[in-house]
Amino acid sequence: MKIAVLPGDGIGTEIVAEAVKVLSALGLQLELEHALVGGAAYEAHGHPLPESTLTLAQSADAILFGAVGDWKYDALERSLRPEQAILGLRKHLGLFANFRPAICHEQLVGASSLKPELIAGLDILIIRELTGDIYFGQPRGRRVATDGHFPGSDEGFDTMRYSRPEIERIAHVAFQAAQKRSGRVTSVDKANVLETSQLWRDVMIDVARHYPDVALDHMYVDNAAMQLVRAPKKFDVVVTGNLFGDILSDEASMLTGSIGMLPSASLNANGQGLYEPSHGSAPDIAGKGIANPLATILSAAMMLRFSLNQAQAAERIEAAVKKVLTQGLRTPDIYSDGCTRVSTAQMGDAVVHAL
Ligand code: NAD
């Protein structure tokens, strides 16, 4: 089983090192091959997604990804910015289905910004379409001012676009996921305003006919953003487009206490996947040894389950994470009174010990 390990930038290198520690402790035959991506790859090779990194990712059974980005690259032309690496990997590998579970671990109920009764037992699955929508729409660009009043560009535009097959395939993923859970799907759109959303809603209704055992309801994205903080436990499987999913999944992750706890999987039609924490490269805390590695360690567990057919090993990791939380070990982002504050590396070591 060959795994491409792409730590990236900022805390990416710190958290991936801990996930690698955990994977190496399982006693499985795993071939881990590292490569540069994001700002680190730009520095070394002049491009955030060099050909060699892409080739490795394409040939691997799964990809373990940290995070990319740093504010110091904000002035670069967009195609060379670190974030283009993750968009490129999604596009080249056809990773259209993003799974983001938002689970509130009972030991962390106090770390949420919401009242305990609102989030205790929370278990939502957000399924975000990942290769369409406004992030990949054409045309995009900036119009240069012609009236002489503006020194540079004065208008930018991006095109929001979805096709029926793109919506159909993510709809099937969502309905099938719901069949394994509560049998409920909430589709989130903005069909009262956007044509892409009206198509989204029509296709969801069409595909739902193939799944009579799953109940489908629809919600506008502004209402969904509100309901997620008002009564999050009402949701089970949420399916939405790329832009809305980006925002709502970060909102949902915060409900659980910290974005540092939440794993994600991005899968293509063949089950090949890229596994990464839901958060970014956190330049504000990079190099301090305080980042929470659990989202990445739990992403490695998702990788074992979804792409490597090692469900038992995945369960071992998840149980070990539960154990360290029960022991009261906390990185600063999830710390509360009476717990033991630990560093990134100490948290990784504790998970290995628990294994
Ligand atoms: P971020 O997720 O990096 O950080 C948001 C906040 O959460 C920060 O305060 C950070 O310290 C905290 N945080 C994040 N992960 C944490 C962890 N594991 N433990 C403890 N605290 C954690 O988002 P941002 O600040 O908006 O973006 C920073 C950079 O990351 C940008 O360059 C952005 O483009 C990039 N980014 C990359 C990805 C990706 O690689 N998939 C995703 C999102 C953002």
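Residues numbered from 1 in each chain as written. Predicted model: local features only at pLDDT ≥ 70, side-chain atom pairs only at ≥ 80, totals over all residues. Heavy atoms only, no water.

1. Observations concerning the overall build of the protein
Move 1: Per the secondary structure count, the protein includes 12 helices and 14 strands.
Move 2: Its C-alpha atoms give the protein a radius of gyration of 20 Å, near enough to 20 Å, the size a compact globule of 355 residues would have.
Move 3: For the protein, the spread of C-alpha atoms along the principal axes amounts to about 60 × 50 × 40 Å.
Move 4: Long-range pairs, those at least 24 residues apart, make up 75% of the contacts in the protein with a sequence separation of at least 6.
Move 5: Carbon and sulfur atoms make up 52% of the accessible area of the protein, which amounts to about 15,500 Å² in all.
Move 6: Each charge class in the protein can be summarised by its mean position, and for the 32 positive and 41 negative side chains these summaries are 4 Å apart. (Helix = DSSP H or I, 4+ residues; strand = E, 2+ residues; numbered from the N terminus. Rg over C-alpha atoms; globule rule 2.2 N^0.38 Å. Contact = heavy atoms within 4.5 Å. Areas by Shrake-Rupley, 256 points an atom, 1.4 Å probe, with all protein chains shown as cover. Lys, Arg positive; Asp, Glu negative; His and termini not counted. Charge placed at Lys NZ, Arg CZ, Asp CG, Glu CD.)

2. Considerations on the site of the ligand
Move 1: Taken together, 20 residues sit near the ligand, with Val68, Glu83, Gly280, Ala282 and Asp284 positioned nearest.
Move 2: Between an oxygen atom of the ligand and a side-chain N or O atom of Glu83, the distance comes to 2.5 Å.
Move 3: The contact in question runs from a nitrogen atom of the ligand to an N or O atom on the side chain of Glu276, over 3.1 Å.
Move 4: Alone, the ligand offers 810 Å² of accessible surface; in the complex the protein occludes 70% of this.
Move 5: Grouping the constituent residues of the shell around the ligand by class yields nine nonpolar, six polar and five charged. (Near = heavy atom within 4 Å. Polar contact = N/O pair within 3.5 Å; in protein donor to acceptor, adjacent residues only side chain to side chain. Nonpolar A, V, L, I, M, F, W, Y, C, P; charged D, E, K, R; others polar.)

3. Re the environment of Ser266
Move 1: One can find Ser266 in strand E11 (residues 263-267).
Move 2: Sequence spacing of Ser266 and Leu108 is 158 residues, and the spatial spacing of their C-alpha atoms is 26 Å.
Move 3: In this structure Ser266 touches Leu95, Ala97, Asn98, Leu130, Gln272, Gly273 and Leu274, once residues within four positions along its chain are discounted.
Move 4: Within the structure, Ser266 has its side chain in polar contact with the side chain of Asn98 (distance 3.1 Å).

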